[in-house]
Amino acid sequence: MIWTRKDLLGLEELNREEIELILGTADSFKEVSSREIKKVPALRGKTVVNLFYEPSTRTRVSFEIAAKRLSADVINIAAETSSVRKGETLLDTGRNIQALKADVIVLRHGFSGAAVLLARKLDISVVNAGDGWHEHPTQALLDIFTLKEKLGRIEGLRVCIVGDIAHSRVARSNIWGLTRLGAKVTVCAPKILIPPGIEQTDVDVNCDIEEALSKADAVNVLRMQFERDARDAFPREIDYFRKFGITRERLKKTGRDIVVMHPGPLNRGIEIASDVADGSSSVILEQVTNGIAVRMAVLFLVSQAHDKRISAD
Amino acid sequence: MKEKARILDQEAVKRCVTRISHEILEKNKGVKGICIVGIRTRGAHLAGRIADCISGIEKEPVDLGVLDITLYRDDLTSISQQPVVHKTEIGFDITGRNVVLVDDVLYTGRTVRCALDALADFGRPRTIQLAVLVDRGHRELPIRADFVGKNVPTSREETVEVRLTESDGKDEVVLKERGNE
Amino acid sequence: MIKESLLIKNGRVVDPVSRTDAVKDVFVSSGKIAAISAGIGEKASQVIDAAGCIVMPGLVDMHVHLREPGREDKENVASGTAAAAKGGVTSVLAMPNTDPPIDSVENVALFKRIIRCGAKVNVFISSAITKGRQGKEPVAFDLLKKNGVIAFSDDGASVDSPEILLKALVKSREKGFLIICHSEDRNLSAGGAVNLGLVSTRLGLRGISAESEYRRVERDIALAARAKARVHIAHVSCAESVKVIAEAKKKGIKVTAETAPHYFSLTEEAVLGYDTNMKMNPPLRRRGDLEAVKKGLRDGTIDAIASDHAPHTENEKEVEFNLAEFGVTGLETELSVAVTELVYGGVLDWMGLAEKMSFVPATILGIKKGGLLEGRDADIVVFSPHEEWTVKKDDFASRSANSCFLGRRLKGRVRYTICSGKTIYAAE
């Protein structure tokens, strides 16, 4: 299997072999972070630009650490989405970064498809670090990596994703990635937060959290943001917790040990009870650690593919 | 590629491993302080054999590690085939130890240079020694082997292929030459 | 030398008014059609050999955004009508959502001056229904009509207030003008960018439901029925709207409807990949909607085809999908797309095509166009029905190239466009 994409834009467009290659490469990279000197020279002389139109400390820091452990130089640019219309267009910003001879842009953007636009118009690599409701591929990859590490496989696993599925890029990337690797995905949310057309896919929909959990090997708890539709459905946050919150009682009722994941940052007492987040079934901090390895793998692979393209020209 | 000659057969490979093991023990005055680190892929197989041999002789276990040097290569961008990154497994501290680095063929010395860089990231060994099954010459860097299974004078048009049971089903070393079959 | 005249020889004349479909010659003199018959022997200053070609009335496109005044960077009357000429269109109804909008006698006068200077085809004028297209204060219908406005539409927006639309419809019956409805309930569609469904989910974009369209179509038709007025529904895109219109027609309500070529040739799948040239309002729908639109065209539920030519600059399209403007150009591709999808697709015959694209829209607008009759203005399109061509970004006469058919291979190519006897376009 050879990685040929100069960009990582989403998991929907990847096949099983490509996803497995990223996971396998990440597995090799994980060891680097356990060394005394947590650095390898693989991307020495390369410049990675974190271009973030949305505030996100954890993803930005994770990418920054990943790039630095590969010896790349990292520049962080924080731009406000609101200024996009008034000032420089996304494309112009991207072209400028390319003119500065950067090698990779890691883009976080509030609008779906922003990374696709940039990748199509630029020659340098673009890694999607979350675009609107569309995709957040590295988050899903680290979720899947952690799950595989914990349970030994993905094929045949039953994974429940609970939360505002309709407006979640994490949910979408997880759905595409997990199903491609042969897992059975159930999404759990109130009807209004279930994305339209999902019934045309292999994904199961269950609006009852206890029923959904009863058939799950793992649960991925999404961070509740209470945007328009969610706020309509749950005027008070406690209403959501009562109906969909992941609590010890709910997990206990299943009689099985369900792996609990969360992309962070946690809203304790809203989508997840504190004792569950800190409990023995939780792999939330492992996810954070694995995020570095996964992002190292992604940065390494897209840079390689990009170099191959140049030398082929 | 035309196969020109068989340099070592199964028995010869075995004899080389045994001899190198003895030489390592001799030079280091026993097993104390030694650890063996093989360079993926075939260096790792040879390292395993040498470690087995040494602990067989000394009746004492010897630390064994595996090094993947992909991330340290200075030709990452120019090699035509995409490298696959594998795991490095060094489950012990190398600081203050005598590290015996093992590879199958010593040629330009660049692989060993990468391995030295990588090892430096794991700690500060007392010494690093180099053991290779075949030294075929044409060094591009000031690097030499401490333990050599067989010196094989070659031309640059030739290649040396090491086959080991673990990865290739049998033990042998052959000399190949570019050209029409 | 004979005075300015034109002889189109040996073409297959397809005329929906006289129901002619035969190989004939067309003789044009002094801008008018002088004769149509076989073997015309007259000498003419220009002769077009139309053997193998179809000779039809010039197309009447009742939904065109010429962008002038105000947004000449997207299009102006000169470039927009040049695009029309290239597409075989000889009459357009210009939409009033310009800057300033066409909503007053002064602005109509301004627009008329622009037309006089730059138009290569017949430009008919529509006005907004409400001042500034704000949906609040009705325009001076009488006065505007007297000044040459033939239709009223707040296109781009729906008139939300039923009272205001009802009043306008009552007035339209009394004074005999046309109300065109952009039927969209913004309460249901706001923030949407693509059709609601799995595609909007896959793209992570807010969806525009079919409901936001057909519910408003229902309302607009109900108001027309109450006013006993006729009403025209613009850019029908979904199966439910077709059904609603069919039922209204059955009941005898005077409703007419148009669709645009992209609604019978493309589905929502085309938006995957975030191509902003596939972003229009209403959005591309599903396969079932496309089939329903075709069926509606065949059975007469949908009366006309109009391009909804909506030019936008590259700057306005090369942005995040959410920020990109709605709309695509269409004047230069509509005939070929209709030929490819509808005639070769077995939905319409050549006569049906001529009806939907010239005669019927002319009738809806109440203009004397869309027919090849002796004494009429010589507005004619000559096209080779079999010739194939590829839509290319650099080949447009329009100032904008935001076509949803870029790269598509189409059948049917315009050879000549004649407007008032003058050859305004000839293919190389």
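No experiment lies behind these values; they were computed from the predicted model shown.

Trainee: Explanation requested: the interface of chain A and chain C in the structure shown.
Mentor: In many analyses, interface size is given as the accessible surface area lost on bringing the parts together. Listed per partner, the contact involves 21 residues of chain A and 18 residues of chain C. Contributions of two or more residues to the side of chain A that touches chain C are made by helix H3 (90–99), helix H4 (114–121) and helix H6 (169–180) of chain A. In terms of residue count, the dominant contributor to the side of chain A that touches chain C is H4 of chain A (three residues).

Trainee: Teacher, can you tell me more about the packing of helix H1 (residues 10–28) of chain B against helix H2 (residues 42–58) of chain B here?
Mentor: For any two helices packed against each other, one specifies the crossing angle of their axes together with the interaxial distance. All names here are of chain B. Running from N to C, H1 and H2 cross one another at 60°; their axes reach a closest spacing of 9 Å. Classified by the angle between their axes, H1 and H2 sit oblique to one another. For H1 against H2, the interelement crossing comes out right-handed. Seen from H1, the contacting residues are Val17, Thr18, Ile20, Ser21, Ile24 and Leu25; seen from H2, they are Leu46, Arg49, Ile50, Cys53, Ile54, Ile57 and Glu58. Grouping the amino acids of the contact of H1 with H2 by side-chain chemistry returns nine nonpolar, two polar and two charged.

Trainee: How do you make sense of the pairing of strand E5 (residues 158–162) of chain A when you look at a structure like this?
Mentor: Look at any regular strand and the pattern is simple: side chains alternate between the two faces of the sheet. Residues and elements named next belong to chain A. For E5, the tally of buried residues reaches four of five residues, placing the bulk of the element in the interior. In terms of strand pairing, E5 meets strand E6 (residues 184–188) through five bridges, oriented parallel. Following the sheet pairing, Val159 is matched in E6 by Val185. For the segment spanning E5, H6 and E6, crossover handedness is right-handed. In this sheet, strand E8 (residues 218–221) lies alongside E5 in parallel orientation, the contact comprising four bridges. Bridging from a neighbouring strand, Ile161 pairs with Asn220 of E8.

Trainee: Would you explain H1 of chain B in this entry?
Mentor: An ideal rise of 1.5 Å per residue puts 27 Å on 19 residues; H1 of chain B measures up with 27 Å between its terminal C-alpha atoms. Just beyond H1 of chain B, the residue with positive phi is Lys29 of chain B, at close to 55°.

Trainee: Just checking my understanding: could you explain the arrangement of the chains for this structure?
Mentor: Of all two pairs of chains in contact, the one with the most contacts involves chains A and C. A minimum C-alpha distance of 28 Å separates chain B and chain C, which share no contact.

Trainee: Can you walk me through unusual backbone geometry in this structure?
Mentor: In terms of backbone geometry, most residues other than glycine have negative phi values and most peptide bonds are trans. Omega for the peptide link from Arg40 of chain B to Thr41 of chain B comes to 5°, which places this bond in the cis form. Note on placement: Thr41 of chain B falls in the loop between strand E2 (34–39) and H2. One non-glycine residue, Lys228 of chain C, lies in positive phi territory at about 55°. Mapped onto the secondary structure, Lys228 of chain C falls in the loop between helix H7 (210–227) and strand E13 (231–233).

Analysis parameters
Residues numbered from 1 in each chain as written. Chains lettered and ligands numbered in written order. Predicted model: local features only at pLDDT ≥ 70, side-chain atom pairs only at ≥ 80, totals over all residues. Contact = placed C-beta atoms within 7 Å. Helix = DSSP H or I, 4+ residues; strand = E, 2+ residues; numbered from the N terminus. Axes fitted to C-alpha atoms, helices over the stretch in contact; angles between N-to-C directions. Parallel < 35°, antiparallel > 145°, perpendicular 65-115°, else oblique. Left-handed = near helix turned anticlockwise from the far one by under 90°. Nonpolar A, V, L, I, M, F, W, Y, C, P; charged D, E, K, R; others polar. Buried ≥ 20, exposed ≤ 12 C-beta atoms within 10 Å, placed from the backbone. Pairing = 2+ DSSP bridges. Right-handed = clockwise from strand over helix to strand, strands pointing away. Expected span 1.5 Å × (residues − 1).

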